[in-house]
Amino acid sequence: MNVALSGASGLIGSALAGSLQADGSCCRQLVRRTPSRPNELEWRPERGLAESPAAEGLDAMIHLAGENVAAGRWTAERRSRISASRGPATRRLVESLSRLERPPRVFVCASAVGYYGDRGDELLDEASTSGAGFLASVCREWEAAAGTAGAVCERVVILRFGVVLSARGGALVRMLPPFRLGFGGRLGSGRQYFPWIHIDDAVAAIRHVLESDIRGPVNLVAPEQLTNADLTRTIAATLGRPALLPVPSPALRLAFGTMARETLLASARVVPAVLRETGFSYRCPTLGAALARELLPDA
């Protein structure tokens, strides 16, 4: 395949680029500077894709880039950066694709399970409505911008990511230090559902989407639905450590404000209906298997 990829230096993007290249695909990386290598395409969030003959006739454009929502407290400035890096940047990318003589056949755009908001123990599939809050509104705008690619590309797919687990970066790496020291514990009540997916399954699911005729939203989450308390116990058991020190909700809200309420303490019981219906096979369908793969590679 001939694929262009934004966010290629991130956790998911780098793993996906490696997978595509290993199978002989041409993976052109979108960079925010003047290209210095043949496989690079210049892209600026504020302007879209720069003109280049290499952008013509792509099989797919995969758009994963976006400001990290979990990097810290959501100040007004961070909210602005988070919003601008998603809806508006995606819309400009699509506008630049519309100027190509041969635009990509498929447009695949990241989103997140934050689209559903805080929904308790309600089962949420791709047909479920969007929720309330800042993150849900950002995801709605992001997905609406991606949807405009329907006038340009044959197929548009929206990837609603759960938390991607990998020992190479992301949420799992930030969680591990207190658990290794024996100071880990649930967040708040621990009853909030924690939608997750192993990095290998995230990459395989994107490949599955590219190679099928799937359209519209796809929940990229594992089939196992777990709470934060389940997550805590499984991490501790995998490391052979206790998990006795919960972090109270007020402390999280004091430290992180709205970000804590909408990410760390929010509950989204998300199911991968589309992946199941289209025959996707998970390599790590359970959290125990995923953590063993990442934390106990010699087991």
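This text follows the structure it describes.
Residues numbered from 1 in each chain as written. Predicted model: local features only at pLDDT ≥ 70, side-chain atom pairs only at ≥ 80, totals over all residues. Heavy atoms only, no water.

**Considerations on the side chain of Asp201**
Note the cut-off: Put simply, DSSP marks the helices as runs of H or I at least four residues long and the strands as runs of E at least two long, and each gets a number from the N terminus on. Only protein chains enter the accessibility calculation, which uses a 1.4 Å probe; a residue is then buried when its area is under 20% of its type maximum, exposed when over 50%, and partly exposed in between. When charges are counted, Lys and Arg contribute as positive and Asp and Glu as negative, whereas His and the chain ends are disregarded. When a carboxyl oxygen of Asp or Glu lies within 4 Å of a side-chain nitrogen of Lys or Arg, that pair is called a salt bridge. For the purposes of these results, a polar contact is taken to be a pair of N or O atoms within 3.5 Å, where, inside protein, one atom must be able to donate a hydrogen and its partner to accept one; residues adjacent in sequence count only when each atom of the pair is a side-chain atom. Here, two residues are considered to be in contact whenever any of their heavy atoms come within 4.5 Å of each other.
Here Asp201 shows up in helix α6 (residues 199–210). Comment: no salt bridge for buried Asp201; closest opposite-charge side chain is Arg283, at 4.9 Å. Of note is the side chain of Asp201, whose polar atom sits 3.0 Å from the backbone nitrogen of Cys284. Residues within four places of Asp201 in sequence aside, it is in contact with Phe280, Ser281, Tyr282, Arg283, Cys284 and Pro285.

**Focus: the side chain of Glu294**
Structurally, Glu294 is set in helix α11 (residues 287–295). For the buried Glu294, no salt bridge exists, and the shortest N-O distance to an oppositely charged side chain is 4.5 Å, to Arg168. If near-sequence neighbours (up to four positions away) are discounted, Glu294 is found in contact with Leu165, Ser166, Ala167, Arg168, Leu172, His198 and Ile199.

**Regarding a nonpolar patch on the surface**
Put simply, the rule reads: Patch membership requires more than 30% relative accessible area and the absence of a salt bridge. Residues of like charge join within 9 Å; the nonpolar side chains Val, Leu, Ile, Met, Phe, Trp and Tyr join within 5 Å. The Shrake-Rupley method, run with a 1.4 Å probe sphere, supplies the accessible areas, and residue values consider only the shown protein chains as cover.
Together, Leu181, Phe183, Leu244 and Leu245 line one region of the surface with nonpolar side chains, adding up to about 470 Å² of accessible area. Within the secondary structure layout, Leu245 lies in the loop between α7 (228–239) and α8 (249–256). On the basis of relative accessible area, Leu245 is assigned to the partly exposed category, the value being 44%.

**Here we look at the pairing of strand β11 (residues 216–220)**
Operational definition: The criterion for strand pairing is that DSSP finds at least two bridges linking the strands in question.
Of all the five residues making up β11, four are buried; the element is thus mostly covered by neighbouring parts of the structure. Where strand β8 (residues 155–161) lies against β11, five bridges are found, and the strand directions are parallel. Across the sheet, residue Ile158 finds its bridge partner in β11, namely Pro217.

**Things to note about empty space enclosed by the protein**
Empty space among the atoms becomes visible once a probe the size of a water molecule is rolled across them. To be explicit about the condition: A cavity here means a set of 1 Å grid points, computed over protein atoms only, where a 1.4 Å probe fits but cannot escape. A pocket is an open set with protein on both sides within 12 Å along at least 5 of 7 lines, and lining residues have an atom within 4 Å of a point. Grid points are joined across faces, edges and corners, and a volume is the space filled by probe spheres set on the points. By the convention adopted, Pro, Cys, Tyr, Trp, Phe, Met, Ile, Leu, Val and Ala count as nonpolar, Lys, Arg, Asp and Glu as charged, and the other residues, Gly among them, as polar.
A complete count under the given rule lists one cavity of 30 Å³ or more for this structure. Within this model, the largest cavity holds a volume of roughly 50 Å³. Taken together, Tyr193, Phe194, Pro195, Trp196, Val221, Ala222, Glu224, Gln225, Leu226, Ala268, Arg269 and Val270 make up the full set of residues lining the largest cavity. For the lining of the largest cavity, the class distribution of residues is nine nonpolar, one polar and two charged.

**A word on α6**
We apply this condition: A helix is expected to span 1.5 Å multiplied by its residue count minus one.
In a regular helix each residue adds 1.5 Å, so 12 residues correspond to 16 Å; α6 covers 17 Å between its end C-alpha atoms and thus fits that length. Buried residues dominate α6, accounting for 12 of its 12 residues. Taken together, the buried positions of α6 are occupied by Ile199, Asp200, Asp201, Ala202, Val203, Ala204, Ala205, Ile206, Arg207, His208, Val209 and Leu210.

**Digging into the sheet that holds strand β5 (residues 60–63)**
As a reminder, the rule being used: Geometry is summarised by axes, namely lines fitted to C-alpha atoms with helices restricted to the contacting stretch, and by angles between N-to-C directions that run from 0 to 180 degrees.
One open sheet accounts for eight strands, arranged β4-β3-β2-β1-β5-β6-β8-β11; its pairing is mixed. Of all the strands in the sheet, just β4 (48–49) and β11 have a single pairing partner and so form its edges. Judged from the four bridges that link them, strand β1 (residues 2–6) and strand β2 (residues 26–31) form a sheet pairing that is parallel. In the sheet register, Ala4 faces β2, and the bridge partner there is Arg28. Packed onto the sheet, helix α1 (residues 11–22) meets β1, β2, β5 and β8 and runs at close to 155 degrees relative to β2. Against the sheet, α6 makes contact with β5, β6 (106–112), β8 and β11, and its axis sits at roughly 165 degrees relative to β8, the strand it touches most.

**Some thoughts on the nonpolar core**
To keep things clear, this is the line we draw: Put simply, buried Ala, Val, Leu, Ile, Met, Phe, Trp, Tyr and Cys residues joined by side-chain atoms within 4.5 Å make one nonpolar core.
Core analysis: the biggest nonpolar cluster contains 55 residues, and Leu49, Met61, Ile62, Leu64, Phe107, Leu159 and Phe161 have the highest contact counts within it. A per-element tally of this core places α6 first, with eight residues. With 19 residues, the next largest nonpolar core counts Leu165, Ala171, Met175 and Ile235 among its residues.

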